[in-house]
Amino acid sequence: MYKKDLRLLIKTKLKDFACDFEKASEEICKKVAGSNQFAEAEIVLGYMALSDEVNIGNLLKQALDFGKEVYIPRIIPDTSLMEFYKYSEAVEEGSYGIREPLPQENPQLQPEEIAERKVLMLVPGRAFDATGNRLGRGKGFYDIYISRLKKACSSVMLAGICFDLQLLKSIPAEEHDIKMDCVISEKSVINFCQI
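What you are looking at is a predicted structure, and each value in this text was computed from that prediction instead of being measured.

1. Structural notes on the overall build of the protein
Across its full length, the protein carries 5 helices and 12 strands. Taking 195 residues into account, the globule formula puts the C-alpha radius of gyration at 16 Å, and the protein, at 16 Å, falls close to it. Taken along its principal axes, the extent of the C-alpha atoms in the protein is 40 × 35 × 35 Å. For the protein, the proportion of its 195 residues judged to be buried stands at 49%. Residue pairs in contact within the protein that sit at least 24 positions apart in sequence constitute 67% of those at least 6 positions apart. Of the roughly 10,000 Å² of accessible surface on the protein, a fraction of 49% belongs to carbon and sulfur atoms. Considering the protein, the positive charge centre built from 26 side chains and the negative charge centre built from 30 side chains are found 4 Å apart.

2. Details of a nonpolar patch on the surface
Where nonpolar side chains cluster on the molecular surface, the patch consists of Ile76, Leu81 and Ile144 and spans about 220 Å² of accessible area. Positionally, Ile76 belongs in the loop between strand 2 (69–75) and strand 3 (82–86). Exposure remark for Ile76: the relative accessible area of 31% places this residue in the partly exposed category.

3. Observations regarding the side chain of Glu83
Checked against the element boundaries, Glu83 lands in strand 3. On the basis of relative accessibility, which here comes to 14%, the residue Glu83 falls in the buried class. Only 3.0 Å separates the side chain of Glu83 from the side chain of Arg148, close enough to count as a polar contact. Apart from the residues lying within four places of it in its own chain, the contact partners of Glu83 are Ile72, Pro73, Arg74, Ile76, Gln108, Leu109, Tyr145 and Arg148.

4. Some remarks on the pattern of salt bridges
Within the structure shown, the criterion is met by 13 salt bridges. Residue Arg137 is joined to Glu53 by a salt bridge in which the shortest nitrogen-to-oxygen separation is 3.4 Å. Here Arg137, found in the loop between strand 8 (134–135) and helix 5 (141–152), pairs with Glu53, found in the loop between strand 1 (43–45) and helix 4 (57–65); they are 84 residues apart in sequence, far enough to count as distant. Owing to a relative accessible area of 40%, Arg137 belongs among the partly exposed residues under this scheme. A single network of salt bridges, built from pairs that share partners, joins Asp52, Glu53, Arg126 and Arg137.

5. Quick word on the pairing of strand 2
With 6 of 7 residues buried, strand 2 lies mostly within the body of the structure. Judged from the 3 bridges that link them, strand 1 and strand 2 form a sheet pairing that is parallel. When the sheet's bridge partners are listed, Leu45 is paired in strand 2 with Tyr71. Taking the sense of rotation as the criterion, the β-α-β connection linking strand 1, helix 4 and strand 2 turns out right-handed. Sheet topology places strand 2 next to strand 3; 5 bridges connect them, and they run antiparallel. Bridge pairing in strand 3 links Pro73 to Phe84. Between strand 2 and strand 3, which pair antiparallel and follow one another directly, the connecting turn spans 6 residues, one of which, Asp78, has a positive phi of 65°.

6. A short note on the environment of Ile98
Counting through the fold element by element, Ile98 comes out in the loop between strand 4 (91–93) and strand 5 (99–101). As a C-alpha pair, Ile98 and Ser188 span 90 residues in sequence and 27 Å in three-dimensional space. Residues within four places of Ile98 in sequence aside, it is in contact with Met48, Leu50, Ile75, Glu92 and Glu93.

About the thresholds
Residues numbered from 1 in each chain as written. Predicted model: local features only at pLDDT ≥ 70, side-chain atom pairs only at ≥ 80, totals over all residues. Heavy atoms only, no water. Helix = DSSP H or I, 4+ residues; strand = E, 2+ residues; numbered from the N terminus. Rg over C-alpha atoms; globule rule 2.2 N^0.38 Å. Buried < 20%, exposed > 50% of the residue type's maximum accessible area, 1.4 Å probe, protein only. Contact = heavy atoms within 4.5 Å. Areas by Shrake-Rupley, 256 points an atom, 1.4 Å probe, with all protein chains shown as cover. Lys, Arg positive; Asp, Glu negative; His and termini not counted. Charge placed at Lys NZ, Arg CZ, Asp CG, Glu CD. Patch = residues over 30% accessible without salt bridge, like charges linked within 9 Å, V, L, I, M, F, W, Y side chains within 5 Å. Salt bridge = Lys/Arg side-chain N within 4 Å of Asp/Glu carboxyl O. Polar contact = N/O pair within 3.5 Å; in protein donor to acceptor, adjacent residues only side chain to side chain. Pairing = 2+ DSSP bridges. Right-handed = clockwise from strand over helix to strand, strands pointing away.

Quick look at the structure:
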């Protein structure tokens, strides 16, 4: 099945599952909060959920309560690039209807400055498979940013965040696609590397 067909399939499944988003999101947040990856992380890179994504808002606040640095992405208009800025309530609706940090009020993360720190990146996706492959929305924002982040930082853990219905047996993968280290849904935690 082609990537565009898989995206359409998942979009349809998510519409049928919409009434369970809140409860499933809570379960996923509990799993992440109880993980060693979260406990050990000094920096958490999160995201502001779209209406059909796992809502991790409470988890980001919990990370702040634990003294972790938390950042969320902002897309650079008319590009396939994004940057991460310190998480705060100062957000606006940006590209694709995603709530984004206000750059003038939130410091930008410089990956080169956190080279030796432990980073947990919570990565949304349309689907994930049994070997850690991720299917995004097709724009390449995460693959490009993760590639830069991994070059700069020696300790980055990539956690795919999804509802269980978004876990597939396999996803077509290309050379530039970056695999997750683990995938967390409301029903399971799948690790692909030594943690």
